[in-house]
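As a plain string of letters, each chain reads:
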There are 2 protein chains.
Amino acid sequence: MPSTGPRTLHLNAFLMNAGHHDAAWRHPRTQPERVTDLRYFQQLAQTAERGLLDSVFLADGLALWGNVRHNALGGFEPLTLLSALAAVTERVGLIATVSTTFNEPFHTARKFASLDHISGGRAGWNIVTSGTVNEARNFGQDEHLEHRLRYERAREFLEVATKLWDSWEDDAILLDRERGVYADTDKVREIDHRGDYFGVRGPLNVPRTPQGYPLLVQAGSSEDGKEFAAQYAEAVFTAQQTLADAQAFYKDLKSRLARYGRTEDQLLVLPGIAPVIGSTEAEARALEQELTDLQVPDYGLAQLSGMLGTDLTGLPLDGPLPDLPEERDINGNKSRFTLVAELARRDGLTLRELIARLGAGRGHRVFAGTPEQLADQLEEWFTQGAADGFNIMPPHLPGGLEDFVDDVVPILQRRGLFRTEYTGRTLREHYGLARPANRLVTAASAPSLATTS
Amino acid sequence: MPSTGPRTLHLNAFLMNAGHHDAAWRHPRTQPERVTDLRYFQQLAQTAERGLLDSVFLADGLALWGNVRHNALGGFEPLTLLSALAAVTERVGLIATVSTTFNEPFHTARKFASLDHISGGRAGWNIVTSGTVNEARNFGQDEHLEHRLRYERAREFLEVATKLWDSWEDDAILLDRERGVYADTDKVREIDHRGDYFGVRGPLNVPRTPQGYPLLVQAGSSEDGKEFAAQYAEAVFTAQQTLADAQAFYKDLKSRLARYGRTEDQLLVLPGIAPVIGSTEAEARALEQELTDLQVPDYGLAQLSGMLGTDLTGLPLDGPLPDLPEERDINGNKSRFTLVAELARRDGLTLRELIARLGAGRGHRVFAGTPEQLADQLEEWFTQGAADGFNIMPPHLPGGLEDFVDDVVPILQRRGLFRTEYTGRTLREHYGLARPANRLVTAASAPSLATTS
């Protein structure tokens, strides 16, 4: 049930190998040798659960990320890893990134349904499109799909997936041992989808799940991305550097919901923040500097080249950015391009300074300070119309998450901003979002298996 | 390391919802209300592990199986379920069925690599092709791929998957914090595969796994299937009704290995057996009869129609089988068709009798008797050149697996036929199979990332 108490914030822990800072793996507080060890991620998820966080989240890509010469590769695929974590946690939500570009909706809908059963209703899907040539080349294509077409495909993918999740009514399983009737075939339906991208007959071979649908999450902030979010997403991870930008994004996104017949409380906005926590401000700044000092400039330049769609190799690190293309000519992550370009322009940063600024959060906001100062920042954004909660991106792991859980969460709780116990069992309950109605039940035209086979 | 002790048998527990008997869910010893509860499968896997079994195994299909009106549907997708089970078991192998027909090798190779890391080297892949129209229609196709082409695609799929698993050398990760070098890019390679079915550049975004490759399992016994097994499989699940048939199959399959440069000990043959266990033979037969009495004839007829590629609806249950097509005209499971047709012909069975005979094992051998009698049967096949081990298909679960572990395993151990403790940690070690060499290391032509990017 959606909560009816005072508005409280929602916190997601974004798990990332040795941490979000690109040099985290070189820092003595991290354990990069454990990033292919299930127990390492088990410890992270259990820490998040100890902190009563709403969820943990894994990003994903369908090709080798970045440059493995200089940064720690993980190795776990999100759906398999989160399924394993479901078995060793009780309450925390489990959000996996899966692309709509190189997957089939039957497989994806089924795996999320399976994870939702496995976890007792804690599955979430961060819906992304794949926008890099490196990914396309792992799937038989030399060029990636154009940005607008990726979103067209994503929309049809969601139509199919939601219909598949609805192909079983909640009470379809009868288990009548006496009469030998396992399921009521009047309540199981083919979906018979025939569209531009997919043809899927259904039904799904998984009964309807505890949450009905996994929590639907989205993270693209381009025009296409925002419109897709307004139509489908229930939580949005976003990268915003300033309160004003975050307020504008929040208002913009919420204002788009009405045209899809949705209300503002049906979509939560969670800006990312990479908190560099110290017991004093000086200690936090020293930790931030330690991490910056461990950065490999070549790596930062390669990452920046990718974000800006511009080859920066060989340019002087202490010089300015070269001329950049326009956002409309970027076919990858459009919103990240614009954010980075504006950050450099606004603050007049050299390449080296920009690489340092992006090191901890890849464009997400970085904040170095004490737990009290961090809580102030979160409270300000939360109460000033910029956020419904936050996507917490610890620069170093596991310590950065432990510091947040042990030192920041109690402050938020004392201020009445965060739960002091889990009151729900499912991820939707944590986020205060309703369980979706089954759309096929009311669609009189949907024939059931009883009439078609 | 392959074992050098006396030859012992290998046991796999084939897990199936309420049990393999099609009426198991109606029997009082089963718990069909728990088949979408992770803890149920956790209990089954832990029972198998308590019995020191080599592995547990999940079948799969990409459409709703059979007729949900009369039989228990599970709902878990194998890779997600086995990932969850990896977190709550320590030693038992975890074999997932995944089709090569409607999947992409990059995704499949990656998920198995992830499961192999998650489980510390306990992943196995039962490689199947998808041969039903119902599956094709969930993936945008109105007809399924012809049998021979499915195997062509499967071979290329395996070529790509094994290259992806080899795209990282074992010691590619350096973790040199001092110099900031995470991986040795001389030891990470693009695979640049361009074939008839797939174009995959690679490398995989998962480092090489504890086992190198998951254990490769195969279960098709047609000509195409046997040839595929001889080339790639390390364990084969097969359905054989008689000792003579099993000996012939065993000899045939092993004799095919040499032409792929393989030795007979590189492929283990595990016939399926559905053991109906009682403390006396009479008790076992009574249990078998109880299960038969719970069968729904309509369901059995529908299943049989599917296996025989012939609509049997409306035929008198106490009459004989109608004329059947030839195996060459069957495009689904060719070997199962032939087995069932021969079983009916040999024993002169009516439709009702055939449905009863197939109820417990869907064509796999059914044996009702005491633990001692069952051990005799297993020993006979194992010592008479018919089997290297067995695929145990309990007719009812969880009790049928518990009976096997508690009552049959100790007899096999006393006879020196089965391990008394796990001596290995990985699934390959349990089965006595070597860790595969990395083929790309010796292929001088394979450029590494260091030279290509």
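Quick caveat, the model's predicted, so the values are computed rather than measured.

Secondary structure summary: chain A contains 16 helices and 13 strands in total. Rg of the C-alpha trace for chain A: 22 Å, near the compact-globule value of 22 Å for 453 residues, within the 12% margin. Overall, chain A is about 75 × 50 × 45 Å in size when its C-alpha atoms are taken along their principal axes. Within chain A, the proportion of its 453 residues that are buried is 63%. Sequence separation of at least 24 residues holds for 77% of the intrachain contacts in chain A that already meet a minimum separation of 6. Considering chain A, the positive charge centre built from 47 side chains and the negative charge centre built from 62 side chains are found 3 Å apart.

So, on to the pattern of salt bridges. Charged atoms that come close allow side chains of opposite charge to pair. Residues and elements named next belong to chain A. Under the counting rule described, the total for this entry stands at 65 salt bridges over all chains. Asp171 is the partner of Lys187 in a salt bridge, and the nearest nitrogen-oxygen pair spans 3.0 Å. Taken together, the positions of Lys187 in the loop between strand E6 (181–183) and strand E7 (193–194) and Asp171 in the loop between helix H5 (147–165) and strand E5 (173–176) put the pair 16 residues apart, joining distant regions of the chain. Between Arg256 and Asp252 there is a salt bridge, and its shortest N-O distance comes to 2.8 Å. For Arg256, a relative accessible area of 7% corresponds to the buried category. Each of Glu159, Asp166, Asp170, Arg208, Arg435 and Arg439 takes part in salt bridges that share partners, so that together they form one network.

Turning our eyes to something else, we now look at the interface of chain B and chain A. The interface is formed by 71 residues belonging to chain B together with 71 residues belonging to chain A. Of the roughly 6,200 Å² buried at the junction of chain B and chain A (both faces included), carbon and sulfur atoms supply 58%. Three residues, Arg69, Arg177 and Tyr182 of chain B, lead the burial of chain B against chain A; their summed loss comes to 12% of the area buried on that side. Applying the counting criterion to the chain B and chain A interface returns four salt bridges. One salt bridge connects Glu77 of chain B with Lys111 of chain A, and the closest N-O pair in it is separated by 3.6 Å. Where chain B touches chain A, the interface holds 38 residue pairs in polar contact (both at pLDDT 80 or more). Of all the elements in the fold, those that place two or more residues in the side of chain B that touches chain A are helix H2 (78–86), helix H3 (105–118), strand E5 (173–176), strand E6 (181–183) and strand E8 (199–200) of chain B.

This part is about the pairing of strand E4 (residues 123–128) of chain B. With five of six residues buried, E4 of chain B is to be regarded as a mostly interior element. As for the winding sense of the linkage, the β-α-β connection from strand E3 (residues 93–99) of chain B through H3 of chain B to E4 of chain B is right-handed.

Turning next to the environment of Pro6 of chain A. Residues and elements named next belong to chain A. Locating Pro6 in the fold gives a position in the segment before strand E1 (10–15). Taking relative accessible area as the criterion, Pro6 reaches 68% and is therefore assigned exposed. Distance in space between the C-alpha atoms of Pro6 and Gly416 is 8.7 Å, their sequence separation being 410 residues.

With that settled, the discussion passes to the UniProt feature "binding site: FMN" (unreviewed entry) in chain A. Residues and elements named next belong to chain A. Taking the numbering used here, the UniProt-annotated feature "binding site: FMN" (unreviewed entry) corresponds to Asp60, Thr97, His147, Tyr151, Ser221 and Ser222. Among the secondary structure elements, Thr97 is positioned in strand E3 (residues 93–99). A distance of 2.7 Å separates a polar atom in the side chain of Thr97 from the backbone oxygen of Leu58. Within the secondary structure, Tyr151 is located in helix H5. Owing to a relative accessible area of 7%, Tyr151 belongs among the buried residues under this scheme. Beyond its immediate stretch of four places on either side in the chain, Tyr151 contacts Thr129, Gln218, Gly220, Ser222, Asp224, Gly225 and Phe228.

All names here are of chain B. The alternating pattern of strand E13 (residues 389–392) places Gly389 and Asn391 and Phe390 and Ile392 on opposite faces, both of which are buried. As defined by bridge partners, strand E11 (residues 268–277) adjoins E13 across two bridges and the pair is classed as parallel. By the bridge assignment for E13, Ile273 is matched with Ile392.

Turning to the nonpolar core, a few remarks are in order. Formed by 192 residues in total, the largest nonpolar core has its most connected members in Trp125, Trp165 and Phe390 of chain A together with Trp125, Trp165 and Phe390 of chain B. Leu308, Leu312, Phe337 and Val340 of chain A belong to the second largest nonpolar core, which has 19 residues in total.

Expressed as a screw transformation, the operator carrying chain B onto chain A has a rotation angle of 180 degrees and an axial translation of 0.0 Å, and the superposed copies differ by an RMSD of 0.0 Å. A rotation of that kind, with that shift, is consistent with a two-fold axis. It is Ala84 of chain B whose C-alpha, among those of chain B, lies nearest the rotation axis, at 1.9 Å. Take the interface residues of chain B: 100% of them recur as interface residues in chain A, which is what a same-surface contact looks like.

Glancing now at helix H6 (residues 223–232) of chain A. Owing to its 3.6 residues per turn, the α-helix aligns residues three or four sequence positions apart on the same side. Burial analysis of H6 of chain A places seven of its ten residues in the buried class, the great majority of the element. The secondary structure elements touched by the buried residues of H6 of chain A are strand E4 (123–128), H5, strand E9 (215–218), strand E10 (235–238) and helix H7 (243–255) of chain A.

Further remarks concern helix H11 (residues 351–359) of chain A. Residues and elements named next belong to chain A. Every buried residue of H11 is listed here: Leu351, Leu354, Ile355, Leu358 and Gly359. The arc that holds the buried residues of H11, viewed along the axis, is 140 degrees, so those residues lie on one side. Against helix H9 (297–308) and helix H10 (334–347) lie the buried residues of H11.

With that out of the way, let us pick up unusual backbone geometry. Glycine aside, the phi torsion of most residues is negative, and most peptide linkages are trans. Here the amide bond leading from Gly202 of chain B into Pro203 of chain B is cis, since omega sits at -5 degrees, within 30 degrees of zero. By secondary structure assignment, the location of Pro203 of chain B is in the loop between E8 and strand E9 (215–218). Look at the link from Leu397 of chain B to Pro398 of chain B: it is a cis peptide, with omega at 0 degrees. Following the sequence through the fold, Pro398 of chain B ends up in the loop between E13 and helix H13 (399–414). The phi dihedral of Asn17 of chain A falls on the positive side, at around 40 degrees, and the residue is not glycine. Looking at the element boundaries, Asn17 of chain A is found in the loop between E1 and helix H1 (38–50). Take Asn17 of chain A: its relative accessible area is 13%, and that puts it in the buried class.

It is worth spelling out the packing of H6 of chain A against H7 of chain A at this point. All names here are of chain A. Two numbers describe how H6 lies on H7: the axes approach to 9 Å, and their chain directions differ by 55 degrees. By the criterion of interaxial angle, the relationship of H6 to H7 is oblique. Crossing of H6 against H7: the hand is right-handed. In this structure, H6 contributes Lys226, Ala229 and Ala230 to the contact, and H7 contributes Phe249, Asp252 and Leu253. Here the residues of the contact of H6 with H7 are counted per class, giving four nonpolar, no polar and two charged.

As a further point, take the packing of aromatic side chains. One pair of aromatic rings is described through two measures. These are the centre distance and the angle between the planes. All names here are of chain A. In total, this model carries 30 aromatic pairs over all chains according to the counting rule given. Plain terms: the ring middles of Phe14 and Phe57 are 4.6 Å apart, the flat faces sit at 55 degrees to each other, and that makes the pair tilted. Placement of the pair is Phe14 in strand E1 and Phe57 in strand E2 (residues 55–58), with a sequence separation of 43 residues. Take Phe14: its relative accessible area is 5%, and that puts it in the buried class. Phe57 sits in the buried class, given a relative accessible area of 3%. The ring of Phe382 is capped by Arg7, whose NZ or CZ atom sits 3.9 Å from the centre of that ring.

This part covers the environment of Ile191 of chain B. Residues and elements named next belong to chain B. Examined against the element boundaries, Ile191 turns out to sit in the loop between E6 and strand E7 (193–194). Note on Ile191: relative accessible area 10%, which makes it buried. A sequence separation of 147 residues divides Ile191 from Thr338, and the C-alpha atoms of the two residues are 40 Å apart. Apart from the residues within four sequence positions on either side, Ile191 is in contact with Val160, Lys163, Leu164, Ser167, Val200, Arg201, Gly202 and Leu440.

Residue and element names in this part refer to chain A. Along the chain, Gly272 turns up in strand E11 (residues 268–277). Residue classification places Gly272 among the buried residues on the basis of a relative accessible area of 1%. Distance in space between the C-alpha atoms of Gly272 and Ala136 is 27 Å, their sequence separation being 136 residues. Sequence-distant contacts of Gly272, that is, excluding residues within four places in its chain, are made with Thr238, His364, Arg365, Asn391 and Met393.

Calculation criteria
Per-chain numbering applies: the sequence of each chain, read as written, is numbered from 1 onward. As a convention, the first chain written is A and the first ligand written is 1, with the rest following in written order. Where totals are concerned, whole chains, interfaces and linings use all residues; where local detail is concerned, this predicted model gives features only for residues with pLDDT of at least 70, and gives and counts side-chain atom pairs only at 80 or more. Remark: hydrogens and water are excluded; side-chain values derive from all non-hydrogen atoms of the structure. The helix count covers DSSP runs of H or I at least four residues long, the strand count covers runs of E at least two residues long, and both are numbered beginning at the N terminus. The atom set for the radius of gyration is the C-alpha atoms, and the globule formula is 2.2 Å times the number of residues raised to the power 0.38. The buried label applies to any residue whose accessible area, calculated with a 1.4 Å probe on protein chains only, is under 20% of its type's maximum; exposed applies above 50%, and partly exposed to all values in between. Pairs of residues are marked as contacts when any of their non-hydrogen atoms sit within 4.5 Å. His is not counted, nor are the chain ends, whereas Lys and Arg count as positive and Asp and Glu as negative. Every charge is mapped to an atom, namely NZ of Lys, CZ of Arg, CG of Asp or CD of Glu. Salt bridges are defined as contacts in which a side-chain nitrogen from Lys or Arg sits within 4 Å of a carboxyl oxygen from Asp or Glu. Note: buried area is the sum, over both parts, of the accessible area (probe 1.4 Å) each one loses when the two are combined. Counting of polar contacts relies on pairs of N or O atoms within 3.5 Å, with two restrictions inside protein: one atom must be capable of donating a hydrogen and the other of accepting it, and residues adjacent in sequence are counted only when both atoms are side-chain atoms. If the strands point away from the viewer and the path from the first strand over the helix to the second runs clockwise, then the crossover is right-handed. UniProt positions are given in the numbering used here, feature names are shortened, and annotations may be inferred rather than shown by experiment. Two strands pair if DSSP finds at least two bridges between them. The nonpolar core is taken to be a set of buried Ala, Val, Leu, Ile, Met, Phe, Trp, Tyr and Cys residues, with the residues joined through side-chain atoms within 4.5 Å. Least squares is the method for superposing the copies, and the C-alpha atoms it fits come from residues with pLDDT of at least 70 in both. In this description, the arc belongs to the directions extending from the helix axis to the C-beta atoms. Here an axis means a line fitted to C-alpha atoms, over the contact stretch when the element is a helix, while the angle between two N-to-C directions is reported on a 0 to 180 degree scale. Here roughly perpendicular refers to angles of 65 to 115 degrees, roughly parallel to angles under 35, roughly antiparallel to angles over 145, and oblique to all remaining angles. Take the far helix as the reference: if the near one is turned anticlockwise from it by less than a right angle, the crossing is left-handed, and if turned clockwise, right-handed. For this classification, the nonpolar set comprises Ala, Val, Leu, Ile, Met, Phe, Trp, Tyr, Cys and Pro, the charged set comprises Asp, Glu, Lys and Arg, and every other residue, Gly included, is treated as polar. A pair of Phe, Tyr and Trp rings is counted when the ring centres sit within 6.5 Å of each other, with Trp represented by its six-membered ring. The angle between the planes then sorts it: under 30 degrees is stacked, over 60 is edge-to-face, the rest tilted. The rule is short: NZ of Lys or CZ of Arg within 6 Å of the ring centre and within 35 degrees of the ring normal puts a charge over the ring.

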